[in-house]
Amino acid sequence: MAIEGIIGKKVGMTQVFAEDGLLVPVTVVQAGPCLVVQKKTADKDGYDAVQVGLVEKISNRWAREHGAERGHAEKAGLQPLRTLVEFPYSGEANVGDKVQVDIFQPGDAIDVVGQSKGKGFQGVMKRHNFRGGRATHGSMFHRAPGSIGASAFPSRVMKGMRMGGRMGGDQVTVKNLRVAKIDVENNLLYIRGAVPGGRNGLVIISFAKNGKRG
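Residues numbered from 1 in each chain as written. Predicted model: local features only at pLDDT ≥ 70, side-chain atom pairs only at ≥ 80, totals over all residues. Heavy atoms only, no water.

Trainee: Sorry, what's going on with the environment of Thr 41 here?
Mentor: By the secondary structure assignment, Thr 41 is in the loop between β4 (34-40) and α1 (42-45). Relative accessible area serves as the criterion here: at 27%, Thr 41 is assigned to the partly exposed category. In contact with Thr 41, not counting residues within four places along its chain, are Gly 46, Tyr 47 and Asp 48. (Helix = DSSP H or I, 4+ residues; strand = E, 2+ residues; numbered from the N terminus. Buried < 20%, exposed > 50% of the residue type's maximum accessible area, 1.4 Å probe, protein only. Contact = heavy atoms within 4.5 Å.)

Trainee: How should the nonpolar core be read in this particular structure?
Mentor: Soluble globular proteins tend to bury their nonpolar side chains together. In terms of nonpolar packing, the biggest core is built from 28 residues, with Leu 189, Ile 191 and Ile 205 touching the most fellow members. Excluding its chain neighbours within four sequence positions, the residues that come into contact with Ile 191 are Pro 25, Val 26, Thr 27, Val 29, Ile 110, Val 112, Leu 177, Arg 178, Ala 180 and Ile 205. (Core = buried A, V, L, I, M, F, W, Y, C linked by side-chain atoms within 4.5 Å.)

Trainee: Would you mind going over the pairing of strand β6 (residues 84-87) with me for this structure?
Mentor: A regular strand places its side chains on the two faces of the sheet in alternate fashion. The alternating pattern of β6 places Val 85 and Phe 87 on a buried face, while none of Leu 84 and Glu 86, on the opposite face, is buried. Sheet topology places strand β5 (residues 49-54) next to β6; four bridges connect them, and they run antiparallel. Note that in β6 the partner of Val 52 across the bridge is Val 85. (Pairing = 2+ DSSP bridges.)

Trainee: Looking at this structure, I do not really get the packing of aromatic side chains. What am I missing?
Mentor: The geometry of an aromatic ring pair comes down to the distance between the two centres and the angle between the two planes. This model, assessed by the stated rule, comprises one aromatic pair. For the ring pair Phe 104 and Phe 207, a centre distance of 4.8 Å and an interplane angle of 50° mean the geometry is tilted. With a gap of 103 residues between them, Phe 104 in the loop between β8 (98-99) and β9 (109-115) and Phe 207 in strand β14 (residues 202-207) connect regions that are remote in the sequence. Here Phe 104 falls in the buried class, since its relative accessible area comes to 0%. The ring of Tyr 190 has Lys 181 sitting right over it, with the charged end atom 4.9 Å from the ring centre. (Phe/Tyr/Trp six-rings, centres within 6.5 Å; stacked < 30°, edge-to-face > 60°. Lys NZ or Arg CZ within 6 Å of the ring centre and 35° of its normal.)

Trainee: Can you walk me through the sheet that holds strand β2 (residues 5-17) in this structure?
Mentor: The strands that make up a sheet pair up through hydrogen bonds in the backbone, lying either parallel or antiparallel. Here six strands make up a closed barrel; going around it, the order is β2-β3-β13-β12-β9-β14 and the pairing antiparallel. The mean angle between the axes of side-by-side strands here comes to 50°, regardless of whether they run parallel or antiparallel. As defined by bridge partners, β9 adjoins β14 across five bridges and the pair is classed as antiparallel. Following the sheet pairing, Ile 110 is matched in β14 by Phe 207. (Axes fitted to C-alpha atoms, helices over the stretch in contact; angles between N-to-C directions.)

Trainee: Help me understand a nonpolar patch on the surface, please; the structure alone is not making it clear to me.
Mentor: On the surface, Ile 148, Val 157, Met 158, Met 161 and Met 163 cluster together into a nonpolar patch covering about 370 Å² of accessible area. Looking at the element boundaries, Ile 148 is found in the loop between α4 (124-128) and β11 (165-167). (Patch = residues over 30% accessible without salt bridge, like charges linked within 9 Å, V, L, I, M, F, W, Y side chains within 5 Å. Areas by Shrake-Rupley, 256 points an atom, 1.4 Å probe, with all protein chains shown as cover. Salt bridge = Lys/Arg side-chain N within 4 Å of Asp/Glu carboxyl O.)

Trainee: Explanation requested: the pattern of salt bridges in the structure shown.
Mentor: Should the charged atoms of two oppositely charged side chains come close, the side chains can pair. Per the counting criterion, the structure on display carries four salt bridges. We note a salt bridge from Arg 82 to Glu 56, for which the minimum N-O separation is 3.4 Å. In this pair, Arg 82 sits in the loop between α3 (67-75) and β6 while Glu 56 sits in the loop between β5 and α2 (60-65), placing the two residues 26 residues apart along the sequence. Taking the relative accessible area as the measure of exposure, Arg 82 reaches 38% and is therefore partly exposed. The salt bridge involving Asp 170 is made with Arg 166; its shortest N-O contact spans 3.3 Å.

This is the structure in structure tokens:
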């Protein structure tokens, strides 16, 4: 079984020593364990993939309120799983198979998908890195956006105009990160560099499409 990815939760950041003695910053992810909930085939579904669910503690209230998800898991003979993601696979994979952090090895290139931290409503200087106006001599123009369009024609704000608004809370993919270390016993994955999102945020980790393994 070679499933191409795993679901995890961001724990935080720390530092580890590489084999050459270099101290590198890493993000620690609680990766899995996950279970295969459904297998899709080209004959039936038009493509080959497996649907993987993250094993985590789920309240009885959530299970009661999400009957469809509960029924989907029970059909596979599993407990309800809240987070489901599809991954491609090679070789053999069956419903109920466990996916653990040992599918990766140190040095593997991976892509990580997460949700960036939400920052609420922000102005143009923070959201779009506008320079702003003069800070002195009573200019009265410091952090304002300035002109947003012509008045006579077309008498409207053009689409795509960079303005203040909601910032963050978007899906972000960071490509070609490297696995620094794995801890199979504790289901921990140490990834070189930063990963999107805050602590306990869900992340989807898969092998980089153009990266090397091992």
